[in-house]
Amino acid sequence: MRGSWKTAWQIAFTYMGTVVGAGFASGKEIVEFFVQYGIQGLIGIFLATGLFVWAGIRVMLIAYRIQADSYQTVSTYLFGHPFGTVFNALLLTVLLGMTSVMLAATGSIFWESFHLSPQIGIWFSMLMIFFVARKGLFAIHHVNSIFVPMLIAFTLLVFVYVQPWEHPLMQTDSKRPLAWISSPLYYVALNVSLAQAVLVPIGRHSSSEKPLLVGGLLGGAGIGILLMLAYLSLIVKMPGIQHSEMPMIALLQDLGHAIPLLFSLLVYAEIFSTLAANVFGLSVQLRQATRLRAPTILAGILLISYAISFVGFGSLLRFLYPLFGQLVLFFLVMLLYRQLRERP
């Protein structure tokens, strides 16, 4: 029983750590998908939390039941052969794009927080990711088990420091009044479809369904709590915070140098853990499609992502996140369809 709970918590932290990437940990993603919609964005977070719990569990259960060896197998199961192949090609493109966004984010952190060249941050991250991704799923579990609890603690500290309960919630003046409904759908579809790179191996290697159910519940709920705390902390600083590359770090600038520096290091760690998971998932997928060695594939993924990262973190996030979210929304639809089909 004790081992089952330990496994469930490992799954939860890995799920959270895979979702909590560059945009989430920095606050930029939360502003784009939720905060800018005011009070309606808060409702969107409740919707997103429920979807994270359900979709995360569904992906792991499917992987466990069909013993999927990669997310390509899951896509084929959901969409069938012709459409599954097309969706896999799309997902490969999305994963590569998201990896590029997060690489650019490491450069932004080195520039904004440490006043070092963004290129130093990007190259340092690439080298570290190469070594961690080579170690496989165990190393990714270990990294997330360390950094996710730290991120929860720091996000709570930011929440207490900002004291959002003393400020009224901002009312939205968005030119798209119903965008707050579609925004959480795009957000969850994007993150869960990308998290497959880690969720599928977790499901396949699980000894039973119970830790997957508990881990998915804890992980999805944990993502929702982090979203809520970050949302309430950021919304009281709107609209000024909207233009910052790293809004969560900008909230702490009045506390001197030590606290923002520590939070910057933690944000970097979370971005790094998600990057490692994405690169690992991409390499597993590409190794099945090619006969290349793992180090060659890893180096190729990182170099292509490096080239795309020159566009810049903020620009990539604003353009690619909503676009990719819309493209992979059908993934959630097929998860629901398959679940209804499985019922007697």
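Residues numbered from 1 in each chain as written. Predicted model: local features only at pLDDT ≥ 70, side-chain atom pairs only at ≥ 80, totals over all residues. Heavy atoms only, no water.

Engineer: What is the right way to read the overall build of the chain from this model?
Structural biologist: Along its length, the chain carries 15 helices and zero strands. Residues counted as buried form 56% of the 344 residues belonging to the chain. Within the chain, contacts between residues at least 6 apart in sequence are counted, and of these 85% link residues at least 24 apart. With an accessible surface of roughly 14800 Å², the chain has 68% of that area assigned to carbon and sulfur atoms. (Helix = DSSP H or I, 4+ residues; strand = E, 2+ residues; numbered from the N terminus. Buried < 20%, exposed > 50% of the residue type's maximum accessible area, 1.4 Å probe, protein only. Contact = heavy atoms within 4.5 Å. Areas by Shrake-Rupley, 256 points an atom, 1.4 Å probe, with all protein chains shown as cover.)

Engineer: What is the right way to look at the nonpolar core in this model?
Structural biologist: As a rule of thumb, nonpolar side chains are buried together in soluble globular proteins. Membership of the largest hydrophobic core comes to 106 residues, with the highest contact counts inside it found for Phe52, Leu227 and Tyr231. At 13 residues, helix H4 (residues 39–66) tops the list of elements feeding residues into this core. (Core = buried A, V, L, I, M, F, W, Y, C linked by side-chain atoms within 4.5 Å.)

Engineer: Would you mind showing me how to read unusual backbone geometry here?
Structural biologist: Among all residues except glycine, the phi angle is most often negative; among peptide bonds, the trans geometry is most common. Phi at Gln67 is positive, roughly 50°, even though this residue is not glycine. For Gln67, the location among the structural elements is in the loop between H4 and helix H5 (71–79). Gln67 gets classed as partly exposed once you look at its relative accessible area, which sits at 38%.

Engineer: Please explain the pattern of salt bridges as it appears in this structure.
Structural biologist: Two side chains with opposite charge may pair up if their charged atoms get near one another. Under the counting rule described, the total for this entry stands at one salt bridge. The shortest N-O distance in the salt bridge between Arg65 and Glu209 comes to 2.8 Å. A residue pair is termed long-range when its members are at least 10 positions apart, and Arg65 in helix H4 and Glu209 in the loop between helix H9 (179–205) and helix H10 (210–235) qualify at 144 residues. (Salt bridge = Lys/Arg side-chain N within 4 Å of Asp/Glu carboxyl O.)

Engineer: Help me out: how do you make sense of the packing of aromatic side chains in this one?
Structural biologist: Remark: the centre distance and the inter-plane angle together describe each pair of aromatic rings, the angle taken between the planes. Under the counting rule described, the total for this entry stands at 14 aromatic pairs. Where Phe79 meets Phe330, the ring centres are 5.8 Å apart and the plane angle is 45°; that geometry is what we call tilted. One end of the pair, Phe79, is in helix H5; the other, Phe330, is in helix H15 (residues 329–342), with 251 residues separating them in the sequence. Residue Phe330 is classed as partly exposed on the basis of its relative accessible area, which comes to 46%. Counting every residue linked through ring pairs, the aromatic cluster contains Tyr15, Phe33, Phe34, Phe52 and Tyr187. In this arrangement the basic side chain of Arg338 is found over the ring face of Tyr77, its NZ or CZ atom lying 5.1 Å from the centre. (Phe/Tyr/Trp six-rings, centres within 6.5 Å; stacked < 30°, edge-to-face > 60°. Lys NZ or Arg CZ within 6 Å of the ring centre and 35° of its normal.)

Engineer: Just checking my understanding: could you explain the environment of Ile45 for this structure?
Structural biologist: Within the fold, Ile45 resides in helix H4. When the C-alpha positions of Ile45 and Ser183 are compared, they lie 9.7 Å apart, and in sequence the two are 138 residues distant.

Engineer: Looking at this model, I keep getting lost on the packing of H4 against H10. Mind explaining?
Structural biologist: Each pair of packed helices can be described by the angle between their axes along with the distance between the axes. At a minimum axis separation of 8 Å, H4 and H10 run at an interaxial angle of 160°. Regarding the angle of H4 to H10, the classification is roughly antiparallel. Where H4 crosses over H10, the handedness of that crossing is right-handed. Residue-level contacts link Ile39, Gly41, Leu42, Ile45, Phe46, Thr49, Phe52, Val53, Ile57, Met60, Leu61 and Tyr64 of H4 to Leu212, Leu213, Gly216, Leu217, Gly220, Ala221, Ile223, Gly224, Leu227, Met228 and Tyr231 of H10. Counted by class, the contact of H4 with H10 contains 18 nonpolar, five polar and no charged residues. (Axes fitted to C-alpha atoms, helices over the stretch in contact; angles between N-to-C directions. Parallel < 35°, antiparallel > 145°, perpendicular 65-115°, else oblique. Left-handed = near helix turned anticlockwise from the far one by under 90°. Nonpolar A, V, L, I, M, F, W, Y, C, P; charged D, E, K, R; others polar.)

Engineer: Explain a nonpolar patch on the surface to me, please; I cannot follow it from the model alone.
Structural biologist: Taken together, the side chains of Ile259, Leu261, Leu262 and Leu265 define a hydrophobic patch exposed on the protein surface, amounting to about 320 Å² of accessible area. Relative to the helices and strands, Leu261 is located in helix H12 (residues 258–289). Residue Leu261 is classed as partly exposed on the basis of its relative accessible area, which comes to 37%. (Patch = residues over 30% accessible without salt bridge, like charges linked within 9 Å, V, L, I, M, F, W, Y side chains within 5 Å.)

Engineer: How do you make sense of the confidence of the model for the chain when you look at a structure like this?
Structural biologist: Should the pLDDT be low somewhere, the predicted coordinates at that spot are not to be read in detail. Mean pLDDT over the chain: 80, with 87% of residues reaching 70 or higher. Taken element by element, the predicted model of the chain shows its lowest mean pLDDT in helix H2 (residues 22–26) (64) and its highest in H4 (92). (pLDDT = per-residue confidence, 0-100.)

Engineer: What am I meant to see in the side chain of Thr49 here?
Structural biologist: When you line up the elements, Thr49 lands in helix H4. At 2.8 Å, the side chain of Thr49 and the backbone oxygen of Ile45 are in polar contact. Setting aside residues no more than four positions away along its own chain, Thr49 makes contact with Gly220, Ala221 and Gly224. (Polar contact = N/O pair within 3.5 Å; in protein donor to acceptor, adjacent residues only side chain to side chain.)

Engineer: Explanation requested: the side chain of Ser183 in the structure shown.
Structural biologist: Turning to its location among the elements, Ser183 is positioned in helix H9. Residue Ser183 is classed as buried on the basis of its relative accessible area, which comes to 5%. When residues no more than four places from it in sequence are discounted, the contact partners of Ser183 are Phe33 and Tyr37.

Engineer: What is the right way to read the environment of Gly220 from this model?
Structural biologist: Tracing the backbone shows Gly220 in helix H10. Once you skip the residues sitting within four places of it in the chain, Gly220 turns out to touch Tyr15, Thr49, Phe52 and Val53.

Engineer: Even after reading the chapter, I still don't get the environment of Leu199, so can you show me in this structure?
Structural biologist: Of note, Leu199 is situated in helix H9. Considering only alpha carbons, one finds Leu199 and Ile11, 188 residues apart in sequence, at a separation of 8.4 Å.

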